[in-house]
Amino acid sequence: MQRDLAIARAMRAQQPDLEIDWFTVPPASTYLEREGERVHPITHRLANESRHFESLAGEHDLQAFFALRTMDEVMARNFMVFADLLEQEHYDIVVGDESWEVDYHYHENPELKRQPFVFLTDFVGCLPMEEGNEREAWLCADRNADDIEHVARYPWIRDRAIFVGNEDDTPEVPFGPGLPVIRDWTRRNYTFTGYALPFDPKSLADTDALRARHGYRRDEKLMIAAVGGTAVGAPLLRRIAETFPMMKRQVPELRMLLVAGPRVPREAFPVLDGLDVLPYVHNLFEHLACADLALVQGGLSTCMELVATRRRFLSFPLERHFEQCIHVRNRLHNYCADCAVRFRELTVEQLADRALQAMHAPVDYRPVETDGAVRAAREILAVMENRHWAAG
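Note that this is a predicted model, so its numbers are computed, not measured.

**Q** Before we go on, may I ask you to explain the sheet that holds strand S6 (residues 191–192) in this structure?
**A** Strand pairs in the sheet, formed through backbone hydrogen bonds, run parallel or antiparallel to each other. The 4 strands lie next to each other as S3-S4-S5-S6, forming an open sheet whose pairing is parallel. Each of the sheet's edge strands pairs with one partner strand only, and the pair in question is strand S3 (94–97) and S6. Sheet topology places strand S4 (residues 117–121) next to strand S5 (residues 160–163); 4 bridges connect them, and they run parallel. Following the sheet pairing, Phe 119 is matched in S5 by Ala 161.

**Q** How should I be thinking about the nonpolar core in this particular structure?
**A** When a protein is soluble and globular, its nonpolar side chains tend to lie buried together. In this structure, Ile 7, Val 307, Phe 313 and Val 368 are the most contacted members of the largest nonpolar core, which totals 59 residues. No other element matches the 7 residues that helix H15 (residues 372–391) contributes to this core. Counting 32 residues, the second largest nonpolar core, distinct from the first, contains Val 251, Leu 293, Leu 351 and Leu 356.

**Q** Would you mind showing me how to read the sheet that holds strand S10 (residues 293–296) here?
**A** Strand order in the open sheet formed by 5 strands is S9-S8-S7-S10-S11, with parallel pairing between adjacent strands. Each edge of the sheet is formed by a strand with only one pairing partner; in this case those strands are strand S9 (275–278) and strand S11 (313–315). The sheet shows a mean angle of 15 degrees between the axes of neighbouring strands, taken without regard to direction. As paired strands, strand S8 (residues 254–259) and S9 are joined by 4 bridges and run parallel to one another. Paired with Val 259 across the strands is Leu 278, a residue of S9. Its contacts with the sheet place helix H14 (residues 348–359) against strand S7 (221–226), S8, S10 and S11, and it is angled at close to 135 degrees to S10.

**Q** Even after reading the chapter, I still don't get the packing of helix H10 (residues 234–250) against H14, so can you show me in this structure?
**A** How two helices pack is summed up by the angle between their axes together with the distance between the axes. The geometry of H10 relative to H14 is characterised by a closest axis approach of 9 Å and an angle of 60 degrees between their N-to-C directions. Between H10 and H14, the angle falls in the class oblique. For the element pair H10 and H14, the recorded crossing hand is right-handed. Counted together, Arg 239, Ile 240, Glu 242, Thr 243, Met 246, Met 247 and Gln 250 of H10 and Val 348, Glu 349, Leu 351, Ala 352, Asp 353, Ala 355 and Leu 356 of H14 form the full contact between these two elements. A breakdown of the residues in the contact of H10 with H14 according to their chemical character gives 8 nonpolar, 2 polar and 4 charged.

Here is what the cut-offs are and how they apply
Residues numbered from 1 in each chain as written. Predicted model: local features only at pLDDT ≥ 70, side-chain atom pairs only at ≥ 80, totals over all residues. Heavy atoms only, no water. Pairing = 2+ DSSP bridges. Helix = DSSP H or I, 4+ residues; strand = E, 2+ residues; numbered from the N terminus. Core = buried A, V, L, I, M, F, W, Y, C linked by side-chain atoms within 4.5 Å. Buried < 20%, exposed > 50% of the residue type's maximum accessible area, 1.4 Å probe, protein only. Axes fitted to C-alpha atoms, helices over the stretch in contact; angles between N-to-C directions. Contact = heavy atoms within 4.5 Å. Parallel < 35°, antiparallel > 145°, perpendicular 65-115°, else oblique. Left-handed = near helix turned anticlockwise from the far one by under 90°. Nonpolar A, V, L, I, M, F, W, Y, C, P; charged D, E, K, R; others polar.

Okay, structure coming up:
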């Protein structure tokens, strides 16, 4: 959501009279409202996808493809709310960041599209995770073939398809047997804008000033663990909390901040001196930029923000989560920042040792581009301008 806000702000810089309504659910909507954005009131009718994912998650495990495949009811409901909104109010353009429900139902019901539609994503292609699972491999390929056929049949549904990244961030593997290579197909059907950071890394380069602003001492070692806004990451946070006393004995000046999200109770963690547990931290990237080490799940946004601020980190991709295990790791490899660790392969003691080693490891990341939001904004505004020209 922060990258969407960065793109929105870049659009306003180019077109100051632009008005934006946001269509999303908590915790994203809470963040946007705190930033002064307008979240449309109709969004209170939306189903929250987080509950669906939480119901299917195991211990640091989420079969992301089957989670997506079994959320038809959630996606249908949310598309109907979206359709009701567009019946009631006029918008010059719809911009959907991984709004799979809108994209799917527009392609299935092309007569419902009444305004330009720009689709954004940072990954393309569902990929199987379980070796030897022929059913999973077949279903992934079938889903991909359906998406490919949609775009081929109705190329005008997406007035622009934007890949928030670079060409080499897409896997050079086929969508499935007899299907195109993902990178080749994406090159033909998407515009690449580079990653869209929600900040300028130079503004966060003065670590001492940043620490002073947020109340962290210069003489303490700061470790931050964060897993996003769902309860799926709770097992990882509990494991990290178990390591804290071991690390504290070796590094007495250590302070650990656990950002548990709004759906994991504080009572799930021990009360320890030097261990702080918070449900929410506004603009977490500023705090992560202060850290000596970050321990995070495996989501792209947080990892890319850490790369941009050149912070040391370990990421723990969810088991069987094709996006985190394949797409995100491929991109981090391109930035010389693949710091992934398998949750199940480390005991508490091994995790403590690995974290302390990582805290002092050299950093040699490739710089993250800083113009991605501006480039995406230009593409979206170009669609709006073309529409107005055609209407005139």
